[in-house]
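Observations on chain architecture
So the chains spell out like this:
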Amino acid sequence: MKALKEYIIDSQLYVSLMGTLLASFFMLEQETFRFPTFFLLFLTYFSGYLYTEFQYSSNIRKVLVFNFIAAIVCVVLIIQNHNIERLYKLAIICFLGLLYNSSFLKINIRKIPFLKVFYVGLVWGLMNAWLSFEVFNLPIFGMTFLFVTALTLPFDIHDMEVDRGHVVTFPHIIGVQKTKVLAYILTTFSLIIALFYLEPLYLIAFSFTYLITMVLIYFSKKTNKDYYFSLLVESCSGLPLLFLGILQVFS
């Protein structure tokens, strides 16, 4: 577990992979999945989370070098496999990522009360519904935005003491139980969109994910171990694709 946390979770590989798997689930549903797009999304997620996590550490120079190389690879992937509009999309999403939590900004999005969780959902929604497709997909944006925003709230519960005095979050203002209720509502609305949009097999996979997500939200508390959030809650983004694979095997 210690090695898993150090090399996979703390390195931001895991959260980046989960975001990419959630996007892949929607691309498969739309029959637009391509490996160049998969790698484009993963590198974008990974570069963004690396910068956010390590910008204040002694490893920031290594991170910036990696991000520069990743940016070149992303540009090459787009030029060879997509249209020029994807470059504009990528640039806008990267800019939004910098606004979230950059040391060179006096005020960043993460420190604006209540905005943090919705902003994470917004960026993931743009990644999965805009960068992933030729044309912006509103239902997929809605599902991703609501689902990811709901998943961010348990992390706020876990980080209540760390954030106190630095970031005003929902648990600080409305309490833990009402924060969980908000997460239930957001997740449920995400499922409602899925009911009207996803094909039956994909809907079943997303519904199973919904049930597990609701259970994990219910048992979220600030005294839980780190792995409960960084491994179990984070894994919810990858569950739709996992359940889809299982259903396809047995169907």
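Residues numbered from 1 in each chain as written. Predicted model: local features only at pLDDT ≥ 70, side-chain atom pairs only at ≥ 80, totals over all residues. Heavy atoms only, no water.

Before going further, it helps to spend a moment on the side chain of Asn-137. With respect to the helices and strands, Asn-137 occurs in the loop between helix H6 (115-131) and helix H7 (138-158). Given the relative accessible area of 10%, Asn-137 is considered buried. A distance of 2.8 Å separates a polar atom in the side chain of Asn-137 from a polar atom in the side chain of Tyr-197. Residues contacting Asn-137, with those up to four places away along its chain left out, are Gln-30, Ala-129 and Tyr-197. (Helix = DSSP H or I, 4+ residues; strand = E, 2+ residues; numbered from the N terminus. Buried < 20%, exposed > 50% of the residue type's maximum accessible area, 1.4 Å probe, protein only. Polar contact = N/O pair within 3.5 Å; in protein donor to acceptor, adjacent residues only side chain to side chain. Contact = heavy atoms within 4.5 Å.)

A few words on a nonpolar patch on the surface. Nonpolar side chains collect at one region of the surface, where Val-65, Phe-68, Ile-69, Ile-72, Val-73 and Val-76 lie side by side and expose about 530 Å² of accessible area between them. Inspection of the secondary structure puts Val-76 in helix H4 (residues 60-81). For Val-76, a relative accessible area of 38% corresponds to the partly exposed category. (Patch = residues over 30% accessible without salt bridge, like charges linked within 9 Å, V, L, I, M, F, W, Y side chains within 5 Å. Areas by Shrake-Rupley, 256 points an atom, 1.4 Å probe, with all protein chains shown as cover. Salt bridge = Lys/Arg side-chain N within 4 Å of Asp/Glu carboxyl O.)

Two elements in contact, H7 and helix H11 (residues 200-218), have axes whose closest approach is 10 Å; the angle formed by their N-to-C orientations is 25°. As far as their axial angle goes, H11 and H7 are roughly parallel. For the crossing formed where H7 meets H11, the hand is left-handed. Residues Phe-147, Leu-151 and Pro-154 of H7 pack against Phe-206, Thr-209, Thr-213 and Ile-217 of H11. Each residue belonging to the contact of H7 with H11 can be placed in one class, and the counts come to five nonpolar, two polar and no charged. (Axes fitted to C-alpha atoms, helices over the stretch in contact; angles between N-to-C directions. Parallel < 35°, antiparallel > 145°, perpendicular 65-115°, else oblique. Left-handed = near helix turned anticlockwise from the far one by under 90°. Nonpolar A, V, L, I, M, F, W, Y, C, P; charged D, E, K, R; others polar.)

Quick look at the nonpolar core now. Counting residues in hydrophobic clusters, the biggest one holds 62 residues, and the most contacted among them are Phe-25, Phe-26, Leu-40, Trp-124, Leu-131, Leu-198 and Phe-206. Every residue in contact with Leu-198, bar those within four places of it in the chain, is listed here: Phe-25, Phe-26, Glu-29, Met-143, Leu-203 and Phe-206. (Core = buried A, V, L, I, M, F, W, Y, C linked by side-chain atoms within 4.5 Å.)

For the rest of this paragraph, the subject is the packing of aromatic side chains. A ring pair, where both rings are aromatic, is described by two values, the distance of the centres and the angle of the planes. Here the structure, examined in full by the defined rule, presents 21 aromatic pairs. Measuring from centroid to centroid gives 6.5 Å for Phe-25 and Phe-206, while their planes differ by 25°, and the two rings are stacked. Here Phe-206 lies in helix H11 and Phe-25 lies in helix H2 (residues 13-29), a separation of 181 residues in the sequence. When sorted by exposure, Phe-25 lands in the same class as Phe-206, which is buried. For the ring pair Tyr-228 and Phe-229, a centre distance of 5.2 Å and an interplane angle of 70° mean the geometry is edge-to-face. For the pair Tyr-228 and Phe-229, one class covers both residues: buried. Every member of this aromatic cluster is reached through a ring pair, and the members are Phe-25, Phe-26, Phe-147, Tyr-202 and Phe-206. Above the plane of the ring of Tyr-218 lies Lys-180, whose end atom (NZ or CZ) is 5.9 Å from the centre. (Phe/Tyr/Trp six-rings, centres within 6.5 Å; stacked < 30°, edge-to-face > 60°. Lys NZ or Arg CZ within 6 Å of the ring centre and 35° of its normal.)

This structure, assessed with the given rule, holds two salt bridges. A salt bridge links Arg-86 to Glu-134, with the nearest nitrogen and oxygen atoms 3.2 Å apart. Of this pair, Arg-86 sits in helix H5 (residues 85-100) while Glu-134 sits in the loop between H6 and H7, and the two are 48 residues apart along the sequence. With relative accessibility at 42%, the residue Glu-134 sits in the partly exposed group. A salt bridge links Asp-156 to Lys-116, with the nearest nitrogen and oxygen atoms 2.9 Å apart. Taken as a pair, Asp-156 in helix H7 and Lys-116 in helix H6 lie far apart in primary sequence, 40 residues in all. Judged by its relative accessible area of 1%, Asp-156 is buried.

What follows concerns H2. Helical geometry note: an α-helix holds 3.6 residues per turn, so side chains three or four residues apart project in the same direction. Helix length check: H2 (17 residues) gives 24 Å between terminal C-alpha atoms against 24 Å at 1.5 Å per residue, within 8%. Within H2, 14 of the 17 residues are buried, leaving the element largely enclosed by the surrounding structure. Looking one or two residues beyond H2, the residue adopting positive phi is Glu-31, at roughly 60°. (Expected span 1.5 Å × (residues − 1).)

So, about the confidence of the model for the protein. With 95% of its residues at a pLDDT of 70 or more, the protein has an overall mean of 92. Between the elements of the protein, mean pLDDT differs from a low of 66, seen in helix H8 (residues 160-163), to a high of 98, seen in H11. (pLDDT = per-residue confidence, 0-100.)

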